[in-house]
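# Breakdown of the fold
Each chain is listed here by its residues.
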Amino acid sequence: MAGAGRLRRVGGGLSLAGALLAGTPAAAQEGGRLPLWEAGFAAIGVSQLAYPGADTRVPRTLALPFLIYRGPWFRADEEQAGLRAFTSADRELDIGLAGSFGAGANQVPIREGMPNIGTLGEFGPRLKFWPWGRHGQLNWRFDLPIRGVFDASDGLAYRGLSIEPRVLMSYRAGHGRDLSISYGLLFGNRALAATWYGVEPRFATAQRAAYAARAGLVSQRLSLSMGKTFARRWRIGVFARYDHVGGAANEASPLVRARDGFTYGLNLSVIFHKSAQLAERP
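We now turn to the structure provided with this report.

What counts, and where the lines are drawn
Residues numbered from 1 in each chain as written. Predicted model: local features only at pLDDT ≥ 70, side-chain atom pairs only at ≥ 80, totals over all residues. Heavy atoms only, no water. Helix = DSSP H or I, 4+ residues; strand = E, 2+ residues; numbered from the N terminus. Areas by Shrake-Rupley, 256 points an atom, 1.4 Å probe, with all protein chains shown as cover. Phe/Tyr/Trp six-rings, centres within 6.5 Å; stacked < 30°, edge-to-face > 60°. Buried < 20%, exposed > 50% of the residue type's maximum accessible area, 1.4 Å probe, protein only. Lys NZ or Arg CZ within 6 Å of the ring centre and 35° of its normal. Salt bridge = Lys/Arg side-chain N within 4 Å of Asp/Glu carboxyl O. Contact = heavy atoms within 4.5 Å.

## Let's talk about the overall build of the protein
- Helix and strand counts for the protein come out as 2 helices and 15 strands.
- Carbon and sulfur atoms make up 65% of the accessible area of the protein, which amounts to about 12,300 Å² in all.

Shown next, in the form of structure tokens:
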């Protein structure tokens with residue numbers, strides 16, 4: 001696409017799974033075992049960048065029921081839905097699906113008359129590594145996802161490939177409180193870069209020159225999320241992400257209007273039902 005939600009992944013998009021599910025009440029419980037499944041309802045309000053390098057903010061609100069499932073091989077949680085291909089005490093390889101919000105061209109003045117940035121879905125493998133082990137109060141993790149990107153608003157048309165190495169620190173402070181901080185680099189191939197930064201000659205104007213996008217670094221990202229659980233069912237969280245495109249491969253694109261920008265929001269969730277059967281904490 002993970003506090004209230006991990007802000008992930010493609011471009012300026014906010015991860016749907018992370019925004020709605022991450023940090024739900026069970027995620028803040030103590031101990032190494034959690035309910036096998038939980039069902040509830042989540043709502044989010046967010047002000048996001050239309051894409052990295054945009055100077056336009058796009059408000060989003062969303063409310064949906066959700067299901068978290070923590071099976072030994074199939075999992076649907078705050079980060080993605082997918083299959084665990086391999087897991088050990090300090091490593092895990094999964095293959096999953098995530099998604100992100102898009103932005104219409106009419107919402108971004110510099111893109112007026114150009115195609116929309118649709119609702120983007122991602123599919124592919126991700127390697128996770130805990131250098132000092134996991135399940136403690138303080139955890140460090142390294143992620144390396146490699147994802148194909150597809151436009152759900154356009155018949156799952158292929159939009160490129162993303163790679164986002166990331167270092168994440170998570171801390172469970174007790175009493176239902178937790179904190180997560182991450183730093184990552186987002187890279188995209190030429191097709192993905194063209195989705196955000198390319199300007200075909202037919203879309204060129206006096207204010208927007210034609211531009212051929214290049215593969216490479218899209219953005220540096222620093223993310224923060226904090227949350228608090230109440231009565232073991234209710235949770236409120238806040239989250240923010242800073243994007244920096246200075247030195248990125250397409251910094252010279254006429255669609256890059258700001259080198260720095262923030263996405264931030266608020267999440268509220270409640271658990272209605274949960275399994276008596278327990279599973280290991282992810």
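## Re the packing of aromatic side chains
- Across all of its chains, the model carries 5 aromatic pairs by this definition.
- Relative to Tyr197, the ring of Trp196 has its centre 6.2 Å away and its plane inclined at 70°; by these criteria the two rings are edge-to-face. Both residues of the pair, Trp196 and Tyr197, belong to the buried class.
- Members of the aromatic cluster, each reached through a chain of ring pairs, are Tyr51, Trp196 and Tyr197.
- Sitting over the face of the ring of Tyr51, Arg111 holds its NZ or CZ atom 5.9 Å from the ring centroid.
- When the ring centre of Trp130 is taken as reference, the NZ or CZ atom of Arg134 above it lies at 4.0 Å.

## What about the pattern of salt bridges?
- Scanning all chains against the criterion turns up 17 salt bridges.
- As a salt-bridge pair, Arg235 and Asp178 come within 2.5 Å of each other at their nearest N and O atoms. In this pair, Arg235 sits in strand β13 (residues 234-244) while Asp178 sits in strand β11 (residues 177-188), placing the two residues 57 residues apart along the sequence. Asp178 carries the same exposure label as Arg235, and that label is buried.
- Its salt-bridge partner being Glu200, residue Arg202 comes within 2.7 Å of it at the nearest N-O pair.
- Residue classification places Glu200 among the partly exposed positions, given a relative accessible area of 40%.
- One salt-bridge network, in which partners are shared between bridges, spans Arg84, Glu92, Asp94, Arg126, Lys128 and Arg134.

## Observations concerning the environment of Ala209
- Positionally, Ala209 belongs in the loop between α2 (190-197) and β12 (216-230).
- The partly exposed category is assigned to Ala209, whose relative accessible area is 45%.
- A C-alpha to C-alpha distance of 7.1 Å links Ala209 and Val199, two positions 10 residues apart in sequence.
- Not counting residues within four places of it along the chain, the set of residues in contact with Ala209 comprises Val199, Ala204 and Pro254.

## Re the side chain of Ser182
- Following the sequence through the fold, Ser182 ends up in strand β11.
- Filtering out sequence-adjacent residues up to four positions away, Ser182 remains in contact with Arg166, Val167, Leu168, Arg221, Leu222 and Ser223.

## Quick look at unusual backbone geometry
- Here Leu156, not a glycine, exhibits a phi torsion of approximately 60°, which is positive.
- Tracing the chain through its elements places Leu156 in the loop between β8 (138-151) and β9 (157-163).
- We note that Arg232 has phi near 60°; this positive angle belongs to a residue other than glycine.

Distances and angles like these do not, on their own, reveal function.
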